[in-house]
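Coordinate inspection notes
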Amino acid sequence: MPEGWRFIAQRAVGGEIIDWDVPFTLSSNPRRDLSGPGSMNGSIEPEYARMIGADGEPILQEWGTTLYAEVDGRIRWGGIVTRTTFDEAKYTVDCDGFSAYPHGIPYESHLLSGRLITPKDPYAGRDKNHDGYIDGSKPKKKVPKPPKPYGGPRVDVYDAFRNIWHHVQSRPNGDLGMKIDSHDLGEKLGASDGTDPWELAWWNNPDCGQSLDSLAKDIPFDWIETHAWADGTSNKIEHRIRLGRPRLGRKRDDLRFAEGENVVALAKPEGLGSEYANEVFVLGKGEGRKMKRAQMHRLRTGRLRRVVTVVDKTLSSDAALRSRGSRELAGHSQELQIPALQIRNHPNARFGTWSVGDDILVQVHVPWVGDVAIWHRIVSDELSPDDFCILTLKRTDSFVY
């Protein structure tokens, strides 16, 4: 067991701690993802008799055990044991973050935001001779125009996100104890006039995990899964999903990531090549001339016009089309990017001082380009027991806020 590290096992149902020091050897380091569950993989070898719990069940059980990586008293990662395999005396264990659990769970309820409401016409059928007057009225009264349809109640985006999580955890043996941030985004789903309602209905067989991912991608907003000891104790673990719009994380002027100091290796720098575009054409809902569309472009790039076309029939509002176009344009027009760094624990940026979602200034040497300093955003991190960490990055200017 690496110094300062331990792996803690807990029953997924009931939350009982069943082993405070699992003899777990990592094969892939604990990975935290921005707006994703992350993962951790490892093995136990040789066979340990104590890997059977007091209840007679295996301590590490698929979908029955949650496993945590604690480093120097702080929980750095938590997830669910999702797959185990046996190869003679070797016991291989794969884990996924808690937010992987809703995937594959059906939504069995109905949530509707911004439905079209057509009020009942109190004068319907009262002009049977079609003369424009109310039958039998004396003096004659003209038939009023029917009341106009209007948009019904709308649901805040974060309320919909919480609703899906609540639905998952309200079912028997489905409560992970996950708490979702309680604030609202301030943006409602569906059109205010009822022309484009947003609906999640059991009869359409929606997948809860896919619905959560779609909400975060389409709006868009960030979320991060966290696990920590509750109230400063070391016997109860709290689970939380943080929500942020336009983004989570912050610009880290207080940290330094420089080659020759704490950056020990970097992945091959990459550009976009044939994926480059400085204009995006978005086609949405509808057919023929009535099809919704939007066009986004960057004019002063000094490069030839390159266009990418995106077709998404779920997009019906101008705002949704522009939002999708802006995201696509940002993703296709970025320049040199450092996809990943390996760093060591160093006073420049001690482990645990940054968060997934933070922006960092990467200062490295790129062959044929020279010394560069480019702001990147941390989209995942993998902490290893040998005091190294891999940061997966994307250029800050590839995100749209």
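Refer to the structure printed above.
The model shown is predicted, which means the values in this text are computed figures rather than measured ones. Sequence order as written defines the numbering, with residues in each chain counted from 1. The predicted nature of this model means local features are confined to residues of pLDDT at least 70 and side-chain atom pairs, given and counted, to a pLDDT of 80 or more, with totals for whole chains, interfaces and linings taken over all residues. Processing note: side-chain calculations cover all non-hydrogen atoms of the structure and skip hydrogens and water entirely.

Topic: the sheet that holds strand β17 (residues 279-283)
The rule for pairing is simple: two strands pair if DSSP sees at least two bridges between them. Only DSSP runs of H or I with at least four residues qualify as helices, and only runs of E with at least two residues qualify as strands; both kinds are numbered from the N terminus onward. Strands sit in the order β18-β17-β19 across an open sheet of 3 strands; the sheet is mixed. Of all strands in the sheet, those with a lone pairing partner are β18 (293-297) and β19 (307-311), marking the two edges. Pairs of neighbouring strands in the sheet enclose a mean axial angle of 15°, with direction left out of account. Angles shown run from 0 to 180 degrees and are taken between the N-to-C directions of axes, each axis being a line fitted to C-alpha atoms and, for helices, limited to the stretch in contact.

Considerations on the pattern of salt bridges
Should a side-chain nitrogen of Lys or Arg be within 4 Å of a carboxyl oxygen of Asp or Glu, the pair is scored as a salt bridge. Scanning all chains against the criterion turns up 19 salt bridges. One salt bridge in this structure joins R256 and E261, with 2.7 Å as the shortest N-O distance. Three labels apply to residues, based on accessible area from a 1.4 Å probe with only protein chains included: buried if under 20% of the type maximum, exposed if over 50%, partly exposed otherwise in between. Exposure remark for E261: the relative accessible area of 27% places this residue in the partly exposed category. Among the salt bridges present, the one from R305 reaches E279, with a minimum N-O distance of 2.8 Å. Taken together, the residues span a long stretch of sequence, with R305 in the loop between β18 and β19 and E279 in strand β17 at a distance of 26 residues. By relative accessible area, which is 57% here, R305 ends up exposed.

Some remarks on the sheet that holds strand β13 (residues 222-229)
Reading across the sheet, the 3 strands line up as β11-β14-β13 and stay open at both edges, with mixed pairing between neighbours. Edge strands, defined here as strands with exactly one partner in the open sheet, are β11 (178-180) and β13. Here the strands of the sheet are splayed against their neighbours by 25° on average, with no regard to which way each runs. Here β11 pairs with strand β14 (residues 237-244) via 3 bridges, running parallel. Note that in β14 the partner of M178 across the bridge is H239. Contacts between residues were defined by any pair of non-hydrogen atoms, one from each residue, lying within 4.5 Å. Packed onto the sheet, helix α1 (residues 157-170) meets β11, β13 and β14 and runs at close to 150° relative to β14.

Structural notes on helix α2 (residues 208-218)
For α2, every residue scored as buried is listed here: C208, G209, S211, L212, L215 and A216. What you see down the axis of α2 is that its buried residues fit within an arc of 165°, all on one side. Exposed residues pointing more than 90 degrees away from the buried face of α2 are listed as Q210 and K217. Along its buried surface, α2 packs onto α1, β12 (198-201) and β13. Measuring from the backbone nitrogen of G209 back to the side-chain oxygen at the start of α2 gives 2.9 Å, which picks out D207 as the cap. In this description, one arc is meant: the one made by directions from the helix axis to the C-beta atoms. The term polar contact refers here to a pair of N or O atoms within 3.5 Å; inside protein, the definition further demands a hydrogen-donor-capable atom paired with an acceptor-capable atom, and it admits residues adjacent in sequence only when both atoms are side-chain atoms.

Section: the pairing of β19
Every second residue of β19 is oriented toward a common face, the buried set being V308 and V310 and the non-buried set V307, T309 and V311. For β17 and β19, the ladder comprises 5 bridges, and the chain directions are parallel. Within β19, the position partnered with F281 by the bridge is T309.

A word on α1
Given the number of residues in a helix, its expected span is that number minus one, multiplied by 1.5 Å. Helix length check: α1 (14 residues) gives 20 Å between terminal C-alpha atoms against 20 Å at 1.5 Å per residue, within 8%. In terms of residue burial, α1 counts as a mostly covered element, since 10 of its 14 residues are buried. For α1, the full list of buried residues reads V157, Y158, A160, F161, R162, I164, W165, H167, V168 and Q169. Residues of α1 that are buried make contact with β8 (110-113), β11, β12, α2, β13 and β14.

Considerations on the nonpolar core
Most often, soluble globular proteins have nonpolar side chains that are buried together. As used here, the term nonpolar core means buried Ala, Val, Leu, Ile, Met, Phe, Trp, Tyr and Cys residues forming a set that is joined through side-chain atoms within 4.5 Å. Ranked by size, the top nonpolar core spans 39 residues in total, and within it L60, L67 and W354 carry the most contacts. Setting aside residues no more than four positions away along its own chain, W354 makes contact with R32, R252, L255, F257, I343, A349, I378, D381, C389 and L391.

Here's the deal with the packing of aromatic side chains
Here a pair means two rings of Phe, Tyr or Trp (six-membered ring of Trp) with centres within 6.5 Å. Their orientation is stacked below 30 degrees between planes, edge-to-face above 60, and tilted elsewhere. As enumerated under the stated definition, the model contains 11 aromatic pairs in all. Relative to F7, the ring of W5 has its centre 6.2 Å away and its plane inclined at 50°; by these criteria the two rings are tilted. Relative to W354, the ring of F257 lies with its centre 6.2 Å away and its plane at 70°, an arrangement referred to as edge-to-face. Within this pair, whereas F257 is found in strand β15 (residues 257-258), its partner W354 is found in the loop between β20 (340-344) and β21 (359-366), the two being separated by 97 residues in sequence. Taken as a pair, F257 and W354 share a single burial class, namely buried. An aromatic cluster of three or more residues is present, and its members are W5, F7 and F24. Over the ring of Y133 we find K140, and its NZ or CZ is 5.5 Å from the ring centre. Only when the NZ of Lys or the CZ of Arg is both within 6 Å of the ring centre and within 35 degrees of the ring normal is a charge said to sit over the ring.

With respect to a negative patch on the surface
A grouping of E3, D72, D386 and D387 is seen on the molecular surface, where their side chains present a negatively charged patch. Residue placement: D72 occurs in the loop between β5 (65-71) and β6 (74-87). Patch building starts from residues that exceed 30% relative accessible area and form no salt bridge, then joins like charges within 9 Å and nonpolar side chains (Val, Leu, Ile, Met, Phe, Trp, Tyr) within 5 Å. A 1.4 Å probe and the Shrake-Rupley method give the accessible areas. Residues count as covered only by the protein chains that appear here. Residues counted as positive are Lys and Arg, residues counted as negative are Asp and Glu, and His and the chain ends are not counted. A single reference atom marks each charge: NZ on Lys, CZ on Arg, CG on Asp, CD on Glu.

Some thoughts on the pairing of strand β23 (residues 388-395)
As judged from the 5 bridges shared by β20 and β23, these two strands associate in the antiparallel manner. Looking at β23, one finds that R344 is bridged to F388. Pairing geometry for strand β22 (residues 370-383) and β23, over 7 bridges, is antiparallel. Bridge pairing in β23 links E382 to I390. Counting the residues in the hairpin turn of β22 and β23 gives 4 residues, including D387, whose phi is positive at 70°.

Focus on unusual backbone geometry
A cis geometry characterises the amide bond from K138 onward to P139, with omega recorded as -5°. Relative to the helices and strands, P139 is located in the loop between β9 (116-117) and β10 (150-151). At W63, a position not held by glycine, the phi torsion is positive, near 60°. Tracing the backbone shows W63 in the loop between β4 (36-44) and β5. For W63, a relative accessible area of 47% puts it in the partly exposed group. Positioned with a positive phi, N173 is a non-glycine residue whose angle comes to about 60°. Inspection of the secondary structure assignment puts N173 in the loop between α1 and β11. Here N173 falls in the exposed class, since its relative accessible area comes to 62%.

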